[in-house]
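Residue strings, one per chain:
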Amino acid sequence: MEISLDSLVFWRWGPVLLNATILYTWLVMALLTLISWLVTRKLSTGPKISRWQNLLEVLVAAMREQIRQISQEDPGPYLPFIGTLFIFISVANLLAVVPGYHPPTDSLSTTAALALCVLVAVPIYGIAQQGLGGYLSHYLKPTVLMLPFHLLSEMTRTLALAVRLFGNVMSGAMIGAILLAVAPLFFPLIMQLLELLIGQVQAFIFAVLATVYIASATQAHEERREAVLQSTGAKDRVGDQPKED
Amino acid sequence: MLINWFVVAAQIVNFLILVLLLKRFLYGPIVQAMAAREERIASQLEAARQKKEDAEQEEADLRQKMRSLEDQRQEMLVQAEGEAQAHKENLFAQAREEVAAVRQKWAESVKWQKEAFLANLKQRLAQEIFAISRRVLQELGDLEVEERLLQVFLERLRQLAPEERQALQESLQEAGGELAISTAFPLTPETREKITAQVQDLFGPGLALRFSTSSELLAGIEILTSSRKIAWSLGNYLDTLEEDLSQAFEDIDKSEAA
């Protein structure tokens, strides 16, 4: 029994290879792009819209609302990244009902890649929001001594992201395989359903955690700005008093 | 080894490509469409609100206009009432004046008619009186009375004032000695001779006497030259009386008018 899709290699040239993970990823990408293109090719801004447009609008609106609720910020800049994370993981897991298909998220390489993307996205968004100095100073708070712990936190949460998704998706397949051996008739069906549910939950969790991490990086700035505003407001009040006399 | 780093790199690239593709084909258009729809709805709502505001404004304007019109109407009504009242009073005054004028005229007319009637009455009365008197005297008058009247006349002729006799003489000479004697009744030849003798005695002989009768004299005699007349008759008296009477009436009217 195969544990990782990575071992199913179709073509290899030196370090470059084409395995099932990449192939299935491409499949999912192609499917998503095709559907998006077909639907958004003829969008309506009027009161009457097609069902597919309605579906995508509901999806996008829900994602925007989630991001807004979690980050308390305008979802515009985060939507492409976080939304794609969610849609990709969700669809990749959902397609597991198709016989012969294996979710690419079943591979630790894929989940690690996604987690690395989040790892890089957090500082990028942070720097984009508050500038390089502002973001880096965040690592030195409250003291310089905290720098190693901040770095460690970044590493571990990235690892946790990758392993959580991989473990959950892989365990589904594993449990299915084991139960197939123990109770071959009825239980695997239920476990398949459960696996689908778990796949959706994992997609949601992954996206939410990515949002939380990015938001934490950008909101430090917001908090500091509020603090600055408050201190200046206090200063203004102090400065106002002599004028009143 | 669970992680193949080439696959990781490839998946990162794949993911980034997917991000770009979905951004191009999904989020961009969808968000844009939603924003466009929201904007459209908002603009429509804004337009509706604007229209409503306009309508309310217009309603308020119309209400204001109606109120002002109503005020104006009321004002005009009051004004018209005032004018009508003034006009009415004017008309009343005019009517009163007219009535007063008519009454005045009427009173004048009545007064004039009364005066005319009275004057007429007086005239008629006098005429009647004189007509009666004349008839009575005519009926009473006969030759005997005439004789007596004639004697009185001759007596008077004889006692004529010298200057009058002188004037009569002069006018006789002017007329060529012609003398007309008219009486109410035809005279008898003796009487005629008597008169002729008397006249010739007074004015000298050679006078041509011409006798005639006139019923207007009632009773009495008249001597006429070309420019002089000596008469003694009842008609003459009555004429004098009539003149006196009308003179008296006029005096009364004048005193009334004053």
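Residues numbered from 1 in each chain as written. Chains lettered and ligands numbered in written order. Predicted model: local features only at pLDDT ≥ 70, side-chain atom pairs only at ≥ 80, totals over all residues. Heavy atoms only, no water.

Peer 1: I tried to follow the overall build of chain A on my own but got confused; where do I start?
Peer 2: Of the regular secondary structure elements, chain A holds six helices and two strands. Traced from its N-terminal end to its C-terminal end, chain A shows the element sequence β-β-α-α-α-α-α-α. The burial tally for chain A puts 42% of its 245 residues in the buried class. Across chain A, contacts joining residues at least 24 apart in sequence account for 67% of those joining residues at least 6 apart. Accessible area for chain A stands at about 13,500 Å²; split by element, carbon and sulfur atoms hold 71% of it. (Helix = DSSP H or I, 4+ residues; strand = E, 2+ residues; numbered from the N terminus. Buried < 20%, exposed > 50% of the residue type's maximum accessible area, 1.4 Å probe, protein only. Contact = heavy atoms within 4.5 Å. Areas by Shrake-Rupley, 256 points an atom, 1.4 Å probe, with all protein chains shown as cover.)

Peer 1: How should I be thinking about the pattern of salt bridges in this particular structure?
Peer 2: Side chains bearing opposite charge may pair, as long as their charged atoms lie close to each other. Inspection of the entire model under this criterion finds seven salt bridges over all chains. Among the salt bridges present, the one from R157 of chain A reaches E154 of chain A, with a minimum N-O distance of 3.1 Å. One end of the pair, R157 of chain A, and the other, E154 of chain A, are both in helix α5 (residues 147-182), three residues apart, so they sit about a helical turn from each other. Considered together, R157 of chain A and E154 of chain A belong to a single accessibility category, that of buried residues. As a salt-bridge pair, R49 of chain B and E53 of chain B come within 2.4 Å of each other at their nearest N and O atoms. Residue R49 of chain B and its partner E53 of chain B are both found in helix α1 (residues 5-140); the two are separated by four residues, about one turn of the helix. Given the relative accessible area of 37%, E53 of chain B is considered partly exposed. One salt-bridge network, in which partners are shared between bridges, spans E46, R49 and E53 of chain B. (Salt bridge = Lys/Arg side-chain N within 4 Å of Asp/Glu carboxyl O.)

Peer 1: Where do I start with the packing of aromatic side chains in this structure?
Peer 2: Both the distance between ring centres and the angle between the ring planes are used here to describe each pair of aromatic rings. According to the stated counting rule, one finds four aromatic pairs over all chains in the structure shown. A ring pair is formed by Y78 of chain A and Y125 of chain A, whose centres lie 5.0 Å apart and whose planes are at 55°; its orientation type is tilted. Taken as a pair, Y78 of chain A in the loop between α2 (51-71) and α3 (79-94) and Y125 of chain A in helix α4 (residues 108-137) lie far apart in primary sequence, 47 residues in all. Relative to F15 of chain B, the ring of F81 of chain A has its centre 5.8 Å away and its plane inclined at 85°; by these criteria the two rings are edge-to-face. Here F15 of chain B lies in helix α1 and F81 of chain A lies in helix α3, a pairing that spans two chains. In this pair, the class of F81 of chain A matches that of F15 of chain B, namely buried. (Phe/Tyr/Trp six-rings, centres within 6.5 Å; stacked < 30°, edge-to-face > 60°.)

Peer 1: In this structure, what is going on with the pairing of strand β1 (residues 178-183) of chain B? I would like to understand it.
Peer 2: Every regular strand shows the same layout, with side chains that alternate between the two sheet faces. Residue and element names in this part refer to chain B. Here β1 lies mainly inside the structure; five of its six residues are buried. Across six bridges, the pairing between β1 and strand β2 (residues 208-213) is parallel. Bridge pairing links A180 to R210 in β2. Once you follow β1 into helix α4 (residues 189-203) and on to β2, the crossover reads as right-handed. (Pairing = 2+ DSSP bridges. Right-handed = clockwise from strand over helix to strand, strands pointing away.)

Peer 1: Can you walk me through the interface of chain B and chain A in this structure?
Peer 2: Many analyses report the size of an interface as the accessible area lost when the parts associate. Counting from both sides, the interface comprises 29 residues of chain B and, opposite them, 48 residues of chain A. Across the chain B to chain A interface the summed buried area is about 3,300 Å²; carbon plus sulfur atoms make up 77%. Our count for the contact surface shared by chain B and chain A stands at one salt bridge. Where E57 of chain A meets R37 of chain B, a salt bridge forms, and the shortest distance between an N and an O atom there is 2.8 Å. Remark: the boundary between chain B and chain A carries seven residue pairs in polar contact (both at pLDDT 80 or more). (Buried area = accessible area lost by both parts, 1.4 Å probe. Polar contact = N/O pair within 3.5 Å; in protein donor to acceptor, adjacent residues only side chain to side chain.)

Peer 1: Got a minute to help me understand the sheet that holds β2 of chain B in this structure?
Peer 2: Residues and elements named next belong to chain B. Taking strand neighbours across the sheet as the criterion, the four strands line up as β2-β1-β3-β4 in an open arrangement whose pairing is mixed. A single partner strand is all that each edge strand has here, and the edge strands are β2 and β4 (229-233). Ignoring strand direction, the axes of neighbouring strands in this sheet form an average angle of 15°. Against the sheet, α4 contacts β1, β2 and β3 (220-224), and its axis sits at roughly 140° relative to β2. (Axes fitted to C-alpha atoms, helices over the stretch in contact; angles between N-to-C directions.)

Peer 1: Sorry if this is basic, but what is going on with the environment of S137 of chain A here?
Peer 2: Residues and elements named next belong to chain A. Among the structural elements, S137 can be located in helix α4. Relative accessible area serves as the criterion here: at 23%, S137 is assigned to the partly exposed category. As for S137 and T105, which are separated by 32 residues in sequence, their C-alpha atoms are 35 Å apart.

Peer 1: Please clarify how the confidence of the model for chain B should be interpreted in this entry.
Peer 2: Low-pLDDT portions of the prediction should not be read for the details of their coordinates. On average, residues of chain B score 82 in pLDDT, and 96% of them reach the 70 mark or higher. Element-level pLDDT for chain B is lowest in β4 of chain B, with a mean of 74, against a maximum mean of 87 in α1 of chain B. (pLDDT = per-residue confidence, 0-100.)

Peer 1: How should I be thinking about the packing of α3 of chain A against α1 of chain B in this particular structure?
Peer 2: Relative orientation of the contacting elements α3 of chain A and α1 of chain B amounts to 105°, with a least axis distance of 9 Å. Between α3 of chain A and α1 of chain B, the angle is such that the two are roughly perpendicular. On the side of α3 of chain A, the interface is formed by L79, P80, F81, G83, T84, L85, I87 and F88 of chain A, while α1 of chain B contributes F15, L18, V19, L22, K23, L26, Y27 and V31 of chain B. Taken together, the residues of the contact of α3 of chain A with α1 of chain B sort by class into 13 nonpolar, two polar and one charged. (Parallel < 35°, antiparallel > 145°, perpendicular 65-115°, else oblique. Nonpolar A, V, L, I, M, F, W, Y, C, P; charged D, E, K, R; others polar.)

Peer 1: What should I look at first to understand a nonpolar patch on the surface in this one?
Peer 2: All names here are of chain A. Taken together, the side chains of L8, F10, W11, W13, L23 and W26 define a hydrophobic patch exposed on the protein surface, amounting to about 690 Å² of accessible area. Among the secondary structure elements, those contributing two or more residues to the nonpolar patch are β1 (9-13) and α1 (20-40). No other element matches β1, which puts three residues into the nonpolar patch. Residue placement: L8 occurs in the segment before β1. (Patch = residues over 30% accessible without salt bridge, like charges linked within 9 Å, V, L, I, M, F, W, Y side chains within 5 Å.)

Peer 1: I tried to follow α4 of chain A on my own but got confused; where do I start?
Peer 2: What sets the pattern is the α-helix's 3.6 residues per turn: residues three or four places apart point alike. All names here are of chain A. Between its first and last C-alpha atoms α4 spans 33 Å; for 30 residues at 1.5 Å apiece the expected length is 44 Å, and the helix comes up short by more than 12%. At G131, α4 is deflected by roughly 115°, the largest bend along its length. Capping of α4 at its N-terminal end is provided by S107; its side-chain oxygen lies 3.1 Å from the backbone amide nitrogen of S109. (Expected span 1.5 Å × (residues − 1). Bend = angle between axes of the 7 residues up to and from the residue.)

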